[in-house]
Structure formats: structure tokens, C-alpha cells
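The residues making up each chain are set out below.
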Amino acid sequence: MLLQQLPEDVLYQIMSYLDCRSLSRMCQVCRSICVFVNRDAVWRRVAKQFLNTGISRDGKDIYPHIPLKERVKIAQNWCDGVCRRATLLKWKTKLLPWLQLERDLLFLSQAADIGVHRLQKDSGRLQRNPSQIYSGHDGDVCRFVLTDSHLISGGSDGRILVHSRTSNVSTQLSGHNQEVNCLDSKDGLIVSGSRDQTTKIWTLTSKYPRDTIPMYDRVWSVAISPTVSSFVTGTACCQNFSPLRIWDAERLECVCSLGSEFRRGAGVLDMVFESPSQLFTCGYDTFIRLWDLRLSPRLMTAAASSLLPPVCMTARTEP
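Calculation criteria
Residues numbered from 1 in each chain as written. Predicted model: local features only at pLDDT ≥ 70, side-chain atom pairs only at ≥ 80, totals over all residues. Heavy atoms only, no water. Buried < 20%, exposed > 50% of the residue type's maximum accessible area, 1.4 Å probe, protein only. Helix = DSSP H or I, 4+ residues; strand = E, 2+ residues; numbered from the N terminus. Arc of directions from axis to C-beta. Pairing = 2+ DSSP bridges. Axes fitted to C-alpha atoms, helices over the stretch in contact; angles between N-to-C directions. Polar contact = N/O pair within 3.5 Å; in protein donor to acceptor, adjacent residues only side chain to side chain. Contact = heavy atoms within 4.5 Å. Core = buried A, V, L, I, M, F, W, Y, C linked by side-chain atoms within 4.5 Å. UniProt positions renumbered as here; feature names shortened; annotations may be inferred. pLDDT = per-residue confidence, 0-100. Salt bridge = Lys/Arg side-chain N within 4 Å of Asp/Glu carboxyl O.

A. Fine view of helix 4 (residues 40–47). Along helix 4, the residues that are buried comprise Val42, Trp43, Val46 and Ala47. Angularly, the buried residues of helix 4 cover 130° about the axis, an arc narrow enough to put them on a single face.

B. Inspection of the sheet that holds strand 10 (residues 189–194) at higher detail. On the basis of which strands lie adjacent, the open sheet formed by four strands has the order 9-10-11-12 and antiparallel pairing. Looking at strand neighbours, the two that pair on one side only are strand 9 (180–186) and strand 12 (211–214), the edges of this open sheet. Pairs of neighbouring strands in the sheet enclose a mean axial angle of 15°, with direction left out of account. Direction of pairing for strand 9 relative to strand 10: antiparallel, over a ladder of six bridges. Looking at the pairing, valine 180 lines up with serine 194 of strand 10.

C. Structural view of the side chain of serine 164. Mapped onto the elements of the fold, serine 164 is located in strand 7 (residues 159–164). What makes serine 164 buried here is its relative accessible area of 12%. A polar contact is formed between the side chain of serine 164 and the side chain of threonine 166, at a distance of 3.2 Å. Within the local environment of serine 164, its side chain forms a polar contact with the side chain of serine 167, the two groups lying 3.2 Å apart. Among residues more than four places away in sequence, those in contact with serine 164 are Tyr134, Ser149, His150 and Val169.

D. Region of the structure containing the nonpolar core. Ranked by internal contacts, the top residues of the largest apolar core, which has 16 residues, are Met15, Leu23, Val37, Val42, Trp43, Val46 and Val72. Only helix 1 (8–15), helix 2 (20–26), helix 3 (31–37), helix 4 and helix 5 (68–80) provide two or more residues apiece to this core. In terms of residue count, helix 4 provides more of this core than any other element does, four residues in total. Once you skip the residues sitting within four places of it in the chain, leucine 23 turns out to touch Met15, Leu18, Val37, Val42, Trp43 and Val46. Residues Cys182, Ile213, Phe231 and Ala249 belong to the second largest nonpolar core, which totals 14 residues.

E. Focus on the UniProt feature "repeat: WD" (unreviewed entry) in the chain. Under the UniProt annotation, the feature "repeat: WD" (unreviewed entry) is placed at residues 173–212. Secondary structure over residues 173–212 splits into 0% helix and 57% strand, and the C-alpha atoms at its two ends are 13 Å apart.

F. Broad picture of the environment of aspartate 148. Here aspartate 148 shows up in the loop between strand 5 (141–146) and strand 6 (150–155). Overall, the relative accessible area of 79% leaves aspartate 148 in the exposed class.

G. Representation of the sheet that holds strand 8 (residues 170–174) in the model. Spatial strand order, 5-6-7-8: four strands in an open sheet with antiparallel pairing. The two strands at the open ends of the sheet, each matched to only one other strand, are strand 5 and strand 8. Between one strand axis and the next, the sheet turns by 20° as a mean value, whatever way the strands run. Bridge count between strand 7 and strand 8: five bridges; the pairing is antiparallel. Each bridged residue has a counterpart across the sheet, and for leucine 161 the counterpart in strand 8 is glutamine 172.

H. Spatial organisation of unusual backbone geometry. A positive phi angle, near 55°, is found at arginine 103, a position not held by glycine. Looking at where arginine 103 falls in the secondary structure, it is placed in the loop between strand 1 (99–102) and strand 2 (105–110). Despite not being glycine, tyrosine 216 has its phi angle at roughly 60°, a positive value. You can see tyrosine 216 is positioned in the loop between strand 12 and strand 13 (219–224).

I. Expanded view of the confidence of the model for the chain. In the predicted model, the chain carries a mean pLDDT of 82, and the fraction of residues at 70 or more is 88%. Within the model, pLDDT remains below 50 along residues 298–319, and this stretch shows 45 contacts once partners closer than five positions in the same chain are excluded.

J. Spatial organisation of the pattern of salt bridges. Taken as a whole, this structure holds 14 salt bridges when the rule is applied. Notably, a salt bridge pairs arginine 103 with glutamate 102, separated by 3.9 Å at the nearest N-O pair. Residue glutamate 102 is classed as buried on the basis of its relative accessible area, which comes to 16%. A salt bridge links arginine 118 to aspartate 104; the nearest nitrogen and oxygen atoms lie 3.4 Å apart. With arginine 118 in strand 3 (residues 113–118) and aspartate 104 in the loop between strand 1 and strand 2, this pair connects stretches of sequence that are 14 residues apart. Given a relative accessible area of 36%, arginine 118 falls into the partly exposed group.

K. Expanded view of the pairing of strand 18 (residues 278–283). Only one face of strand 18 is covered, namely the one carrying Leu279, Thr281 and Gly283; the face carrying Gln278, Phe280 and Cys282 has none of its residues buried. Alignment of strand 17 (residues 268–275) against strand 18, held across six bridges, turns out to be antiparallel. Residue pairing in the sheet places methionine 271 in a bridge with threonine 281 of strand 18. Taking the residues between adjacent antiparallel strands as the criterion, strand 17 and strand 18 are bridged by two residues. When strand 18 meets strand 19 (residues 287–292), the two strands line up antiparallel, connected through five bridges.

Written out as C-alpha cells, the structure is:
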């Protein structure tokens with residue numbers, strides 16, 4: 001009896017004894033075996049043995065639209081140090097770009113402009129020349145954020161530009177008198193932070209800030225909660241208070257401060273919500289922190305573990 005004539009449950013049992021290299025070689029036997037081996041069910045056991053394959057601890061597949069075989073291949077290459085270096089785009093070395101990938105579009109800031117580079121489906125390469133350019137700042141673009149309908153950018157000129165992604169209409173928001181270091185937007189709400197030591201709250205329908213919060217320190221990062229009920233600010237940590245604070249989006253009151261062991265000057269450079277109750281932050285103190293916002297502020301103490309010298313990961317878990 002030929003191998004491909006065996007019942008599928010028997011084939012699954014045979015494949016369960018093979019590692020990723022053996023499974024790859026099985027794909028070269030014949031077309032019918034290749035089709036069977038490429039199934040996610042065959043690679044699930046192998047995928048659990050690698051990091052970043054999208055299989056969570058409880059066995060849930062986070063990225064079902066990407067074949068498991070391809071994810072295992074990428075994870076193995078990272079583990080073994082197998083990579084290929086290529087220069088996709090070039091920019092001036094003295095300017096720090098900000099970029100964001102959305103499906104097959106790469107948004108890249110260069111000086112005062114934001115270019116849109118399309119990923120070519122046939123070759124997998126990025127178009128050298130941008131298919132669209134968003135402009136309007138008098139200085140460099142410090143940060144931008146994408147929504148379904150708009151591209152919102154903050155610049156060193158202290159202005160915020162709201163570009164429509166469906167038309168050529170742009171709206172200018174004026175309120176900061178120094179560079180806009182950070183901003184975030186969800187459901188029509190915009191929160192920005194600036195070197196002028198203020199955080200401002202805007203709406204897409206207004207040209208002037210709805211509210212202003214004095215921070216008494218330079219604001220490096222902001223993030224709106226997925227529930228849009230609160231937002232978090234990160235400052236330069238040059239004053240005698242925690243650089244991480246959670247604010248109520250309606251009352252604009254400080255709900256709580258996160259952490260107490262920040263070194264002076266170790267500001268929070270960036271942050272992102274992993275979920276409504278989990279927040280990732282990183283800063284000048286070379287630490288990446290994962291905050292569990294379900295805990296009481298007095299229980300939010302960090303336990304550090306080495307990730308890559310001198311970068312560390314600190315995590316908070318429920319007692």
C-alpha cells in the first residue's frame with residue numbers, strides 16, 4: 001500500500017513523529033503528500049515548540065490566515081540566525097523615520113512628508129517611489145497614526161494635521177507651541193503630547209483642543225485605551241512624580257500612577273495597549289514593561305528578567 005493511500009488519521013499519527021526538517025522533506029515526495037503535509041493540523045505540534053508562531057499557551061491560533069508551515073519556517077530562521085539583509089528604502093541618516101505597515105501599504109515619514117509605498121504582490125518588494133504623499137508640515141514629522149478614515153500627524157512645528165484618506169482634504173489643528181512628540185486616535189478622539197509640557201484632547205470635527213492638561217514635564221508618549229474610556233501619558237521623568245499616569249477620558253482626572261522605581265530622566269518613550277487590561281511601555285532606562293491594569297496601583301510591582309543586554313522585560317501578574 002502506498003503512503004498516500006493510508007487513512008488520514010494514520011497519516012496524522014505518522015507525521016506526529018517528524019520534526020520540521022523531516023516534514024519539509026516529506027513535501028518533496030509527491031504532490032498529494034505535499035498537499036497533506038501543508039495542512040495546519042500537521043504543523044500545530046511543531047509550532048508549539050517555537051516562539052512567535054501565533055499559537056498561544058491555551059492552544060488558540062492567533063493568526064489563522066497565515067499557514068502554520070510558513071510561521072514555523074520564519075520562527076526557525078530567527079532561532080538559528082538565518083536571515084537575508086536587503087535595503088528596502090533609504091532615507092537621510094540624520095532624520096529618524098516613523099513607519100507603519102497596513103496590509104500591503106507601508107507609511108514612511110521622511111522630513112516633512114509621509115510617503116505611501118505599496119508592496120508588490122508578484123515580487124514581494126516595496127515600490128521605491130511612493131504612490132501617495134501626505135505633506136503640510138513646516139518641520140519634520142515626529143509621529144503619525146492611522147485610522148480607517150484618516151492619517152493624523154504631529155510635527156516639530158507644533159501642529160497636528162488630519163489628512164483624509166479618501167480625499168485630498170487636510171485639517172490643521174493648532175494648540176501646541178513646541179514639537180508634538182506623540183499622539184493617538186480612536187473613535188474620533190485625538191490625544192497629543194508635546195515638549196511644551198501639555199497633553200491636549202481633540203476631536204476630528206474641531207480645529208482647537210477640547211481640553212488641555214498641564215503635565216509639568218515633557219510628554220514623550222500617549223496611548224488611548226481600546227475602550228476609549230481612558231488614556232495613558234508617559235513623560236520625561238524629570239520631576240518628582242511617576243512618568244506613567246492613567247487619565248479618565250471624560251473627567252480628565254488622573255486615575256492612578258503606574259510604578260514608583262523609575263530613575264530620574266528615564267522617561268517613557270513609547271507605549272501600546274496589548275488589550276484593554278495590558279499595556280506595554282518602553283523607556284530610556286532600557287526596560288520594556290508589561291503592566292496588568294486590573295491590579296490595584298499599590299500591587300503594581302515589577303519583576304525584571306533579562307531579554308537582550310542591556311534590554312530587559314518586566315512583567316506584572318496577578319497574585
